[in-house]
Amino acid sequence: MRRVLVLLALLCLCDGVRFGQLCAGNSNNQRRTSDRWGQGHYGASRGGRTHKGLDIVCNDGSVVYAPFDVTLNGRLTVYTDPTKKAINEGINLSGENLCFKLFYVRPDKVSGTLRKGERIGIMLPMQTVYPGITSHVHVQMCDKSDPTQYF
């Protein structure tokens, strides 16, 4: 019973959390809708698997910002496929009692802290791997739950 109460208390700590601007040129965190490569909402079909994140529009080469005060928890490798090397970077983050990942971002640094609005890094060139896609930052919660409520 005590574990359940502690878990419920932790779950409520992030109620009302909203991501601030993630990408230069997209002040309202516009989401990727549909393009020739698929859809960007959580749960979208991905050729036999399910999309476990939310795609936020971001032009190739744009600056990516901290959506709130965050701790940088290390670099991540997005793919094992060497043909996707150009966009094979990301970062693990935590803040506002959330743990999340940003894919397709080359971080300036991978440890330490950033304040809301400070530069995390740069959006990688999605068009080189997926020509015609709506370039985007993929936001994925560490537990793979739906991040949509935070946008």
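Here the structure is a predicted model, which is why all the values come from computation and not from measurement. What you see as residue numbers is a count from 1 along each chain, following the sequence as written. For a predicted model such as this one, the threshold for reporting local features is a pLDDT of at least 70, and the threshold for listing and counting side-chain atom pairs is 80 or more; totals across whole chains, interfaces and linings nevertheless cover every residue. Hydrogens and water are ignored here; the side-chain numbers use all heavy atoms of the structure.

*Asks:* Tell me about the overall build of the chain, residues and numbers included.
*Replies:* Helix and strand definitions here come from DSSP, where helices need a minimum of 4 consecutive H or I residues and strands a minimum of 2 consecutive E residues; each element is numbered from the N-terminal end. Along the backbone of the chain there are one helix and 11 strands. Secondary structure elements of the chain, listed N to C terminal, follow the sequence α-β-β-β-β-β-β-β-β-β-β-β. By the compact-globule yardstick of 15 Å for 151 residues, the chain fits well, its C-alpha radius of gyration being 15 Å. Exposure categories follow from relative accessible area, calculated using a 1.4 Å probe and restricted to protein chains: below 20% of the type maximum is buried, above 50% is exposed, and the middle band is partly exposed. The 151 residues of the chain split such that 44% are buried. By the convention used here, residues are in contact when the closest approach between their heavy atoms is within 4.5 Å. Contacts in the chain between residues far apart in sequence, at least 24 positions, make up 65% of those at least 6 positions apart. Accessible surface, the chain: about 8,200 Å² in total, of which carbon and sulfur atoms supply 51%. The globule rule is 2.2 Å times the number of residues to the power 0.38, and the radius of gyration it is compared with is taken over C-alpha atoms. The Shrake-Rupley method, run with a 1.4 Å probe sphere, supplies the accessible areas, and residue values consider only the shown protein chains as cover.

*Asks:* If you had to explain unusual backbone geometry to someone new, which residues and values would you point to?
*Replies:* Positive phi is not limited to glycine here, since Y104 has a value of about 70°. Checked against the element boundaries, Y104 lands in the loop between β7 (98-103) and β8 (105-107). Judged by its relative accessible area of 8%, Y104 falls in the buried class. For K144, which is not a glycine, the phi torsion comes out positive at approximately 65°. For K144, the position within the fold is in the segment after β11 (136-141).

*Asks:* How would you explain the nonpolar core if you had to name every residue and give the values?
*Replies:* Here is a general trend for soluble globular proteins: nonpolar side chains tend to be buried in one another's company. In this description, a nonpolar core means a group of buried Ala, Val, Leu, Ile, Met, Phe, Trp, Tyr and Cys residues linked to one another through side-chain atoms lying within 4.5 Å. The biggest cluster of nonpolar side chains holds 37 residues, and the ones touching the most others in it are F19, F100 and L102. Every element with two or more residues in this core is listed here: β3 (54-57), β5 (70-76), β6 (90-95), β7, β10 (119-123) and β11. Here the element with the most residues in this core is β7; it accounts for four residues.

*Asks:* Which residues make up the pattern of salt bridges, and what values go with them?
*Replies:* Each reported salt bridge corresponds to a side-chain nitrogen of Lys or Arg within 4 Å of a carboxyl oxygen of Asp or Glu. Per the stated rule, a full pass over the model turns up seven salt bridges. Where R115 meets D69, a salt bridge forms, and the shortest distance between an N and an O atom there is 3.0 Å. Highlighted residues: R115 in the loop between β9 (111-114) and β10 and D69 in the loop between β4 (63-65) and β5, separated in sequence by 46 residues. In this structure R115 comes out as exposed when scored by relative accessible area, which is 54%. Given a relative accessible area of 34%, D69 falls into the partly exposed group. We note a salt bridge from E89 to R106, for which the minimum N-O separation is 2.8 Å. Of this pair, E89 sits in the loop between β5 and β6 while R106 sits in strand β8, and the two are 17 residues apart along the sequence. For E89, a relative accessible area of 15% puts it in the buried group. Through salt bridges that share partners, R32, D35, R46 and D55 make up one connected network.

*Asks:* I'd like to hear about the sheet that holds β10, residue by residue, with values.
*Replies:* On the basis of which strands lie adjacent, the open sheet formed by three strands has the order β4-β10-β8 and antiparallel pairing. Strands at the two margins of the open sheet, each flanked by one partner only, are β4 and β8. When the angles between neighbouring strand axes are averaged without regard to direction, this sheet yields 40°. In this analysis, strands are considered paired if DSSP registers two or more bridges between them. Angles here are taken between N-to-C directions and fall from 0 to 180 degrees, while the axes themselves are lines fitted to C-alpha atoms, restricted in helices to the stretch in contact.

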